[in-house]
Amino acid sequence: MRYFVFLACLLAIWTVAVDAQETELKHYPLDDVSGLITQSDVSIDKDVTSDGKGSLKATASQPRVVRLFETGDLGVDNARLIYRARLKTEDLKGQAYLEMWCHFPGKGEFFSRGLQNPLSGTNNWVTEETPFFLQKGEKPDNVKLNLVINGTGTVWIDDIRILRAPLK
Ligand SMILES: [Ca+2]
């Protein structure tokens, strides 16, 4: 019995340690449109929100890429860069997912898309994320954060976080 308690404690400590390995680099609460790149066919929805302070509602009458933010230089390499956000959809015909473009000096832009868990149809709030694996010396000097609506319908996005985690 004592052994199992010990194991459970170890597991709890390990879980906390793993969570603590994520460091928040940027937080975009999406409570207003400040800093937002795309200003057309988007609005702040104060009623439908994941963090209780408003979310960004984007409608698509045809497939579109909603350009949200650019981070600038994050000063990060040798890490897993995570783009995480809360998403909700309504009557989405097609797919919605997060997209991140990392720009590297002298090399150009490379993307990471959350195509493993794309949303379609109607969904309540879910956490979506897409990672970018940065090897040692791979330091993006800008990161673009997009919401891709590859179809038609309504998508809400809220509480965007950019996190750094160890490479696996
Ligand atoms: Ca918000």
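Residues numbered from 1 in each chain as written. Predicted model: local features only at pLDDT ≥ 70, side-chain atom pairs only at ≥ 80, totals over all residues. Heavy atoms only, no water.

> Explain the coordination of the calcium ion here, please?
For the calcium ion, the full set of protein donor atoms is Pro29 (O), Asp31 (OD), Asp51 (OD), Asp51 (OD), Gly54 (O) and Asp158 (OD), and the range of their distances to it is 2.3 to 2.7 Å. For the calcium ion, the single-chain donor residues occur in sequence as P-x1-D-x19-D-x2-G-x103-D. Taken together, the residues span a long stretch of sequence, with Pro29 in the loop between strand E1 (23–28) and strand E2 (42–45) and Asp51 in the loop between E2 and strand E3 (55–60) at a distance of 22 residues. For Pro29, a relative accessible area of 32% puts it in the partly exposed group. (Donors = N, O, S within 2.8 Å, 3.2 Å for Na, K, Ca; no water. Helix = DSSP H or I, 4+ residues; strand = E, 2+ residues; numbered from the N terminus. Buried < 20%, exposed > 50% of the residue type's maximum accessible area, 1.4 Å probe, protein only.)

> It is not clear to me how the packing of aromatic side chains should be interpreted in this structure. Could you clarify?
Aromatic ring pairs are defined here through the distance separating the ring centres and the angle between the ring planes. For the coordinates displayed, the defined rule picks out 4 aromatic pairs. Ring centres 5.9 Å apart and planes at 45° place the aromatic pair Phe104 and Phe132 in the tilted group. Here Phe132 lies in strand E7 (residues 119–134) and Phe104 lies in strand E5 (residues 79–104), a separation of 28 residues in the sequence. You can call Phe132 buried: its relative accessible area is 10%. One aromatic cluster in this structure is built from Phe104, Phe110 and Phe132. A cation over an aromatic ring shows up here: Lys88 above the ring of Trp156, its NZ or CZ 5.6 Å from the ring centre. When the ring centre of Phe111 is taken as origin, the NZ or CZ atom of Arg113, which lies over that ring, is 3.8 Å away. (Phe/Tyr/Trp six-rings, centres within 6.5 Å; stacked < 30°, edge-to-face > 60°. Lys NZ or Arg CZ within 6 Å of the ring centre and 35° of its normal.)

> Hey, could you run me through the layout of surface pockets in this one?
In this approach the atoms are scanned with a rolling probe the size of a water molecule, which exposes any empty space left behind. Estimated volume of the largest pocket: approximately 220 Å³. Lining the largest pocket are 15 residues, and of these Gln116, Asn117, Glu129, Thr130 and Pro131 sit closest to its centre. Taken together, the elements giving at least two residues each to the lining of the largest pocket come down to E5, strand E6 (108–113) and E7. Residues of the lining of the largest pocket, tallied by class, amount to 4 nonpolar, 6 polar and 5 charged. (1 Å grid on protein atoms, 1.4 Å probe; cavity = no way out; pocket = protein on both sides within 12 Å on 5 of 7 lines; lining within 4 Å. Points joined across faces, edges and corners; volume = space filled by probe spheres on them. Nonpolar A, V, L, I, M, F, W, Y, C, P; charged D, E, K, R; others polar.)

> It is not clear to me how the pattern of salt bridges should be interpreted in this structure. Could you clarify?
Where charged atoms from two side chains of opposite charge come close, those side chains can pair. All told, the structure shown has 7 salt bridges when counted by the stated rule. The shortest N-O distance in the salt bridge between Glu22 and Arg84 comes to 3.0 Å. Taken as a pair, Glu22 in the loop between helix H1 (2–20) and E1 and Arg84 in strand E5 lie far apart in primary sequence, 62 residues in all. The closest approach of N and O atoms between Glu24 and Arg161, which form a salt bridge, is 2.6 Å. In this pair, Glu24 sits in strand E1 while Arg161 sits in strand E8 (residues 142–165), placing the two residues 137 residues apart along the sequence. Accessibility expressed as a relative area gives 40% for Glu24, which makes it partly exposed. Residues joined by salt bridges that share partners form a network here, namely Glu22, Arg84 and Glu129. (Salt bridge = Lys/Arg side-chain N within 4 Å of Asp/Glu carboxyl O.)

> Explain the nonpolar core to me, please; I cannot follow it from the model alone.
Buried together is how nonpolar side chains tend to be arranged in soluble globular proteins. In this structure, Leu68, Leu81, Tyr83, Leu147, Ile157 and Ile160 are the most contacted members of the largest nonpolar core, which totals 34 residues. Elements represented by at least two residues in this core include exactly E3, strand E4 (64–70), E5, E7 and E8. The biggest single contributor to this core is E5, with 11 residues. If near-sequence neighbours (up to four positions away) are discounted, Leu68 is found in contact with Gly35, Leu36, Ile37, Leu56, Tyr83, Leu145, Asn146, Leu147, Ile157 and Ile160. (Core = buried A, V, L, I, M, F, W, Y, C linked by side-chain atoms within 4.5 Å. Contact = heavy atoms within 4.5 Å.)

> Mind showing me how you'd approach unusual backbone geometry here?
Negative phi is the rule for most residues except glycine; trans is the rule for most peptide bonds. Phi angles above zero are rare outside glycine, and Leu30 is one such case at about 55°. Checked against the element boundaries, Leu30 lands in the loop between E1 and E2.

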